[in-house]
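Close look at the chain arrangement
Here's the letter readout for the chains.
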Amino acid sequence: MRDFEAYNPITQFFYFAAVLIIGMFSVNPVILGLSLFGACALLFFGKVRISKGNCLFFVAMSLLPILLNPLFDHHGDTILFVLNDNPVTLEAVLYGIASGVMILASLLWLKAFSAVMTSDRLLYLFSAVSPKLALLLSMTLRYIPLFAAQTGKVQAAQKAIGLYKEDNVIDGVKGGARVFSVMVTWALENGIITADSMEARGYGIGRRTSFAIYRFRKKDVIFLLFSAVLFGLSLYAVITGGYQFDYYPTVGTVSASPVSVIGFVAFGLLSILPSAILLFEDIRWKYYQSKI
Amino acid sequence: MEILSVENLSFSYAGASSPALSDVSFSVKEGDFVAVIGATGSGKTTFLRMLKRELQPLGALTGRILYQGQELSTLSPRDSAMKIGYVMQRPEQQIVTDRVWHELAFGLENLGMPQEQIRRRVAEMASYFGIEGWFLKNVSELSGGQKQLLNLASVMVMKPDILLLDEPTAQLDPIAARDFLETVAALNRDLSLTVIIIEHRLEEVIPVAHKILALKDGRVFAAGEAHETVKKLREVPEMLVGLPAAVRISAALSKSCCPVGMRVSAAPEENSCPITVREGREWIRSRFGNQVKALPVAPDRFAEADNAVEVKDLYFRYTRDGRDVLNGLSFAVRTGEIFCLLGGNGSGKSTALSVLSGIRRAYAGSVKIFGKKLQEYKNQSLYKECVALLPQDVQTVFLRNSVREELEDAGIVLPDKRQANGRSSLSDLPFDLTGLLDRHPYDLSGGQQQLVALAKVLAGKPKLLLLDEPTKGLDADTKARFLSYLKALQKSGMTLVVVTHDTEFAAEAADRCALLFRGETISTAEPRAFFSGNSFYTTAANRIAQGYYDLAASVNDVVELCRANHPAQNPAQNLTPKTVQNADLKSAGETPEARV
């Protein structure tokens, strides 16, 4: 993911927003396929690790509409069989599958998004909107691990001097409540030191600027331009009905009008754009290495 | 030119009856390195905060503080924030933001500096302080030493003229503390930065200081050029305890209160005052022989005692893929002794203690406490009249809003209630807390917090007391008193295991010391033998005596050895009859006047 991480967070944010907007509001099987393929490719070339828990969650979420839609939606002309006096139609099954794929693809895109957008990148985005809010968030992110670590220390200290008299739930809850109450005092007490440290470094003497380590480089401009054009073409296809696809009353066919084809190509390129960069940089690096 | 001068400064906190500072006058030249010393409560921190306008506490102030000839209060907010930098004691709480780079930029952001300038300054500072390697990190991943270095760098990034430091190394281990102080000294030396520092580690600070300001009860006790001031302070017992080992040795040997015959001969350099280890070595070698190489070894008092703690082949790691923090750790502590575990950062000292106290469980090996396996103490019975742990951060012991509630909670009978049936009472403690009962535990000084926490920990009447870094952040005087309390507890039959970085403390407190390295004990011995066996990881006193005397660990040991080697103790050497007579009189416990 390194080569894609090197872009400015604004570029990255725009890209993910564009892909998700198109991918999430279309049930056209071509778009769904491209979106799913693009997300998988990015996760694969970006070497993003997906934990078992993540995997289970993704599968469960996408199975949900596949199983539920045919049971509750009885539109469609092609009846496969009748369940409890309710017809289960082919159209409803296919629509369920399309929704499942759409959810899976969206989740995978979000996974890639969270792998790229670390907390400081998100803060940078926030600071573009409101610098004050961004500072507050940064301080909160600083405080959470500090608070958690101190709570752990207090728990251990109290255990070792016998706060929890017996091994039972009631003593556990009682002890926990007291630890929490003292942690509030601790947080206030330490807040004073932090406030001193801020004031000593001139906080509040005038208008602040907001510093970020991210630069907006030439490659950001190029990337943004590319993705904006592709996003625009896709959006045009959405608006003019190029991505139109009917499931009810009978499953339709994929349109092959010029608008549709241009739309498909545009979205296809958009969804593989970061993976292509990763792959290209990989190859280029290998080439350089072989020259050395 | 004088960069800062304080004229007749007096200050009382709002609502306080007595002044915290009275009539303090002091001036600092550009490029000075000033060490501010004094006991707890002498007004050091108040004085330093007076010099930083943003941090001045509420109260009545008289006198003047001038920065480059200009009244501090008339400085623009921008200049005041920029020109005078302040680093506080606790590394954690001073950090404002969540990323290292953002923290470095924070002060410059406040000044409203443009992006490109901030980028340049931050980059320069990160390079100078060696922060580049962890520039992008989250601050919660840093070590204590790195955090404090970050605090220093994020003050230095504003290019201050004066740097004020309030016990910046109190929460650091010795290695990190030395690195930090060396960085400060380099800033002073290379950039001619004016430094005013409050510090307990005088061993490291005094040799680099140009000036010393000693405060006592809010007044200037002594001030001036470093060497001269040390010489003055040497004569005052209460100031002496905190001074470097070489100074204390020379003071003990040349003080007028010691027997006349043992006084150092009236050579022209009698008044000379060694400060560093090197000077201390020369000072001793030029005055004392080394016919008596070592003091007689005291018999081992605990040779016959049963083991209170028996640790065998202990293995522990924090995560499945992590390294073994305890790596086959084995040692035994005998009932009634004070056992010190020493070792560098990450050697597993604190982890060992948390396994001993049952907070964490080892994945292999056995721990026996008083002959019974740790796992067999069921239902929290380990913590009932058996084991107690005084943690490193004593604030974690407190749960209530006053010391009184804190102690009542722990089941300690307070003096105003009479129903001491078997429960521990405040008067059983070797120290007095009655004056602190109505204070909030967080408002106490570090030393006082330590004692209240100790009282609370002792309420469970433990037979085995575990202490994690008990001397961290304490000044020399408080430390000495704390040591005497531990000795009193030992006398009452308690076994103590102390984890510490503090070699001076271990040399005086321990019956036996053990060195931990990468999770196993490397050497275990009685402190004199232990420290004499080490060349680097040892006390300053031992480094002074090394190669000349054997088995000397503490300042007292060295002083005893010097006395044993003094001509007065050795009849073979030519002495005037008078001094011999006087020495004899003293040793017989009589005063010359009584004879007459």
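Residues numbered from 1 in each chain as written. Chains lettered and ligands numbered in written order. Predicted model: local features only at pLDDT ≥ 70, side-chain atom pairs only at ≥ 80, totals over all residues. Heavy atoms only, no water.

Some thoughts on the overall build of chain B
Applicable threshold: Labels follow the DSSP assignment, with helices taken as runs of H or I lasting at least four residues and strands as runs of E lasting at least two, numbered in each case from the N terminus. A radius of gyration in this sense is built from C-alpha atoms; the matching globule rule multiplies 2.2 Å by the number of residues raised to 0.38. When accessible area is computed with a 1.4 Å probe and restricted to protein chains, residues below 20% of their type maximum are described as buried, those above 50% as exposed, and intermediate ones as partly exposed. Residue contacts follow a heavy-atom distance rule, with two residues in contact if any of their heavy atoms lie within 4.5 Å. Computed with the Shrake-Rupley method and a 1.4 Å probe, the accessible areas treat only the protein chains shown as cover for residues. In this count, Lys and Arg are taken as positive residues and Asp and Glu as negative ones, while His and the chain termini are left out. Charge positions come from single atoms, namely NZ of Lys, CZ of Arg, CG of Asp or CD of Glu.
Broken down by element type, chain B carries 22 helices and 20 strands. Taking 596 residues into account, the globule formula puts the C-alpha radius of gyration at 25 Å, and chain B, at 26 Å, falls close to it. Each principal axis of the C-alpha atoms in chain B carries an extent, and together these give about 70 × 70 × 55 Å. Per-residue burial for chain B yields a buried fraction of 53% across its 596 residues. Here the contacts in chain B between residues at least 6 apart in sequence split such that 67% fall between residues at least 24 apart. Surface accessibility of chain B: about 25,200 Å² in total, with carbon and sulfur atoms responsible for 49%. Between the centroid of the 69 positive side chains of chain B and the centroid of its 71 negative side chains there is a distance of 3 Å.

Re the overall build of chain A
The helix and strand inventory of chain A stands at 10 helices and 2 strands. Scanning chain A from its N terminus toward the C terminus, one meets helices and strands in the order α-α-α-α-β-β-α-α-α-α-α-α. Against the compact-globule benchmark of 19 Å for 292 residues, chain A has a radius of gyration of 26 Å, which places it well outside the compact range. With respect to the principal axes defined by its C-alpha atoms, chain A has extents near 70 × 60 × 45 Å. Counting every position in chain A, which comprises 292 residues, the buried fraction comes to 39%. Across chain A, the fraction of contacts at a sequence separation of at least 24, relative to all contacts at a separation of at least 6, is 74%. Of the roughly 15,700 Å² that chain A leaves accessible, carbon and sulfur atoms contribute 71%. Averaging the coordinates of the 23 positive side-chain charges in chain A and doing the same for the 17 negative ones gives two points 15 Å apart.

A closer look at the packing of helix H11 (residues 245-254) of chain B against helix H20 (residues 555-565) of chain B
All names here are of chain B. Heads up, the condition is: A fitted line through C-alpha atoms serves as each axis, taken over the contacting stretch for helices, and the angle formed by two N-to-C directions is quoted from 0 to 180°. Here is the rule for angles: anything less than 35 degrees is roughly parallel, anything more than 145 is roughly antiparallel, 65 through 115 is roughly perpendicular, and the remaining ranges are oblique. Working rule for handedness: look at the near helix, and if it is turned counterclockwise from the far one by less than a right angle, call the crossing left-handed; if clockwise, right-handed. The nonpolar class holds Ala, Val, Leu, Ile, Met, Phe, Trp, Tyr, Cys and Pro. Asp, Glu, Lys and Arg form the charged class, and all remaining residues, Gly among them, are polar.
Packing of H11 against H20 brings their axes to within 10 Å, and their N-to-C directions diverge by 40°. Looking at the two axes, H11 sits oblique to H20. The element H11 and its partner H20 pack so that their crossing is right-handed. Of the residues in H20, those in contact with Ala-245, Arg-248, Ile-249, Ala-252 and Leu-253 of H11 are Val-555, Val-558, Val-559, Cys-562 and Arg-563. Here the residues of the contact of H11 with H20 sort into 8 nonpolar, no polar and 2 charged.

What about the sheet that holds strand E4 (residues 59-67) of chain B?
All names here are of chain B. Let me state the cut-off plainly: In this analysis, strands are considered paired if DSSP registers two or more bridges between them.
Strand order in this open sheet of 4 strands is E2-E1-E4-E5, and the pairing throughout is antiparallel. Of all strands in the sheet, those bounded by a partner on one side alone are strand E2 (21-29) and strand E5 (70-71). Here strand E1 (residues 2-13) pairs with E2 via 6 bridges, running antiparallel. Following the sheet pairing, Val-6 is matched in E2 by Phe-26.

Brief notes about the packing of aromatic side chains
Pairs of aromatic rings are described using the distance from one ring centre to the other and the angle between the two planes. Residue and element names in this part refer to chain A. For the record, the criterion: Here is the rule: rings of Phe, Tyr and Trp (six-membered ring for Trp) pair when centre to centre is within 6.5 Å. Planes less than 30 degrees apart are stacked, more than 60 are edge-to-face, and the remainder are tilted. The criterion for a charge sitting over a ring is simple: Lys NZ or Arg CZ within 6 Å of the ring centre, and within 35 degrees of the ring normal.
As enumerated under the stated definition, the model contains 32 aromatic pairs over all chains in all. Between Tyr-7 and Phe-223 the ring centres are 5.0 Å apart and the planes differ by 50°, which places this aromatic pair in the tilted class. Of this pair, Tyr-7 sits in the loop between helix H1 (2-5) and helix H2 (9-24) while Phe-223 sits in helix H9 (residues 218-239), placing them 216 residues apart in sequence. The same class applies to Tyr-7 as to Phe-223, namely buried. Where Tyr-287 meets Tyr-288, the ring centres are 6.4 Å apart and the plane angle is 45°; that geometry is what we call tilted. Counting every residue linked through ring pairs, the aromatic cluster contains Phe-4, Tyr-7, Phe-13, Tyr-15, Phe-16, Trp-109, Phe-113 and Phe-223. Over the ring of Tyr-7 we find Lys-219, and its NZ or CZ is 4.9 Å from the ring centre.

As for the nonpolar core
Residue and element names in this part refer to chain B. Short version of the rule: We define the nonpolar core as a collection of buried residues of types Ala, Val, Leu, Ile, Met, Phe, Trp, Tyr and Cys that are connected through side-chain atoms lying within 4.5 Å of one another.
If you look at the biggest cluster of nonpolar residues, it comprises 62 residues, and the most contacted ones within it are Phe-129, Ile-131, Leu-152, Leu-163 and Leu-165. Setting aside residues up to four positions removed in sequence, Leu-165 forms contacts with Leu-48, Val-87, Leu-152, Phe-180, Val-184, Val-195, Ile-196, Ile-197 and Ile-198. Listed in part, the 57 residues of the second largest apolar core include Leu-342, Val-394, Phe-398 and Leu-433.

As for the pattern of salt bridges
Spelled out, the test is: Salt bridges are identified by distance alone: a Lys or Arg side-chain nitrogen within 4 Å of an Asp or Glu carboxyl oxygen.
Within this structure, the stated rule accounts for 30 salt bridges over all chains. B:Arg49 is the salt-bridge partner of A:Asp196, the closest N and O atoms lying 3.1 Å from each other. Note that A:Asp196 is positioned in helix H8 (residues 169-200) and B:Arg49 in helix H1 (residues 44-50), a pairing that runs across two chains. Comparing A:Asp196 with B:Arg49 shows no difference in burial state: the two are buried. The partner of B:Arg528 in a salt bridge is B:Asp557, and the shortest N-O contact between them spans 3.0 Å. Separated by 29 residues along the polypeptide, B:Arg528 in helix H18 (residues 527-533) and B:Asp557 in helix H20 bring together distant segments of the chain. Residue class for B:Arg528 comes out partly exposed when judged on its relative accessible area of 23%. B:Asp557 sits in the buried class, given a relative accessible area of 7%. Among the ionic contacts, a cluster of salt bridges with common partners joins A:Arg178, B:Arg400, B:Glu405 and B:Asp409.

Considerations on helix H6 (residues 144-156) of chain B
Residue and element names in this part refer to chain B. Filter applied, for reference: Here the expected span of a helix is defined as 1.5 Å times the quantity of residues minus one.
With 13 residues, H6 should reach 18 Å at 1.5 Å per residue; the first-to-last C-alpha distance of 18 Å fits that figure. Extensive coverage of H6 is indicated by the burial of 11 of its 13 residues. All of the buried residues along H6 are Gly-145, Lys-147, Gln-148, Leu-149, Leu-150, Asn-151, Leu-152, Ala-153, Ser-154, Val-155 and Met-156. Buried positions along H6 lie against strand E6 (84-87), helix H3 (91-94), helix H4 (100-110), helix H5 (115-128), strand E7 (162-166) and helix H7 (174-191).

Considerations on the environment of B:Val87
With respect to the helices and strands, the residue B:Val87 is situated in strand E6. Sequence separation between B:Val87 and B:Leu341 is 254 residues, and the spatial gap between their C-alpha atoms is 31 Å.

What to know about the sheet that holds E7(B)
As a general point, the strands of a sheet are linked pairwise by backbone hydrogen bonds and lie either parallel or antiparallel. Residue and element names in this part refer to chain B. Within the open sheet, the 6 strands sit side by side as E6-E7-E8-E3-E9-E10. Their pairing is mixed. If you trace the sheet from one side to the other, it starts and ends with E6 and strand E10 (219-225), each paired once. Along the sheet, successive strands turn relative to each other by an average axial angle of 15°, direction set aside. Across 5 bridges, E7 lies against strand E8 (residues 194-198) in parallel orientation. Looking at E8, one finds that Leu-165 is bridged to Ile-197.

Section: the pairing of E6(B)
Residues and elements named next belong to chain B. Of the two faces of E6, the one carrying Ile-84 and Tyr-86 and the one carrying Gly-85 and Val-87 are both buried. The pairing of E6 with E7 spans 4 bridges and is classified as parallel. When the bridges of E7 are listed, Ile-84 appears paired with Ile-162.

A few points about H2(A)
Residue and element names in this part refer to chain A. Defined as follows: In the analysis that follows, any N or O atom pair within 3.5 Å is treated as a polar contact, provided that within protein one partner can donate a hydrogen and the other can accept it, and provided that, for residues neighboring in sequence, both atoms belong to side chains.
Look at H2: 22 Å from first C-alpha to last across 16 residues, which is about the 22 Å you get at 1.5 Å a residue. Restricting attention to buried positions, one finds in H2 the residues Pro-9, Thr-11, Gln-12, Tyr-15, Phe-16, Ala-18, Val-19, Leu-20, Ile-22 and Gly-23. Taking the backbone nitrogen of Ile-10 as reference, a side-chain oxygen 2.9 Å away marks Asn-8 as the first, capping residue of H2.

Looking at the confidence of the model for chain B
All names here are of chain B. Inclusion rule: Confidence scores here are pLDDT values: one per residue, from the predictor, ranging 0 to 100.
Looking at chain B as a whole, the pLDDT averages 86, with 90% of positions reaching at least 70. Counting interchain partners and residues more than four positions distant, the pLDDT-below-50 stretch residues 256-269 has 29 contacts. Segment residues 571-596 is flagged for pLDDT under 50; beyond a separation of four residues in sequence, or across chains, it makes 14 contacts in the model. Two summary scores accompany this predicted model of the complex, namely pTM at 0.84 and ipTM at 0.82.

Some points on the interface of chain A and chain B
Heads up, the condition is: Accessible area, probed at 1.4 Å, shrinks when two parts are joined; the buried area is that loss added up over both.
Facing 52 residues of chain A, the contacting portion of chain B comprises 63 residues. Taken over both partners, the interface formed by chain A and chain B buries close to 5,200 Å², and the fraction arising from carbon and sulfur atoms is 56%. A per-residue breakdown of the area chain A buries against chain B is headed by A:Arg142, A:Arg201 and A:Phe211, which together make up 18% of the total. Summed over the shared surface of chain A and chain B, the number is 7 salt bridges. The residue B:Glu92 makes a salt bridge to A:Arg142 at a minimum N-O spacing of 3.0 Å. Where chain A touches chain B, the interface holds 24 residue pairs in polar contact (both at pLDDT 80 or more). Elements that contribute at least two residues to the side of chain A that touches chain B include exactly helix H6 (119-129), helix H7 (131-160) and H8 of chain A. Looking at the side of chain A that touches chain B, the element that brings in the most residues is H7(A), giving 15 residues.

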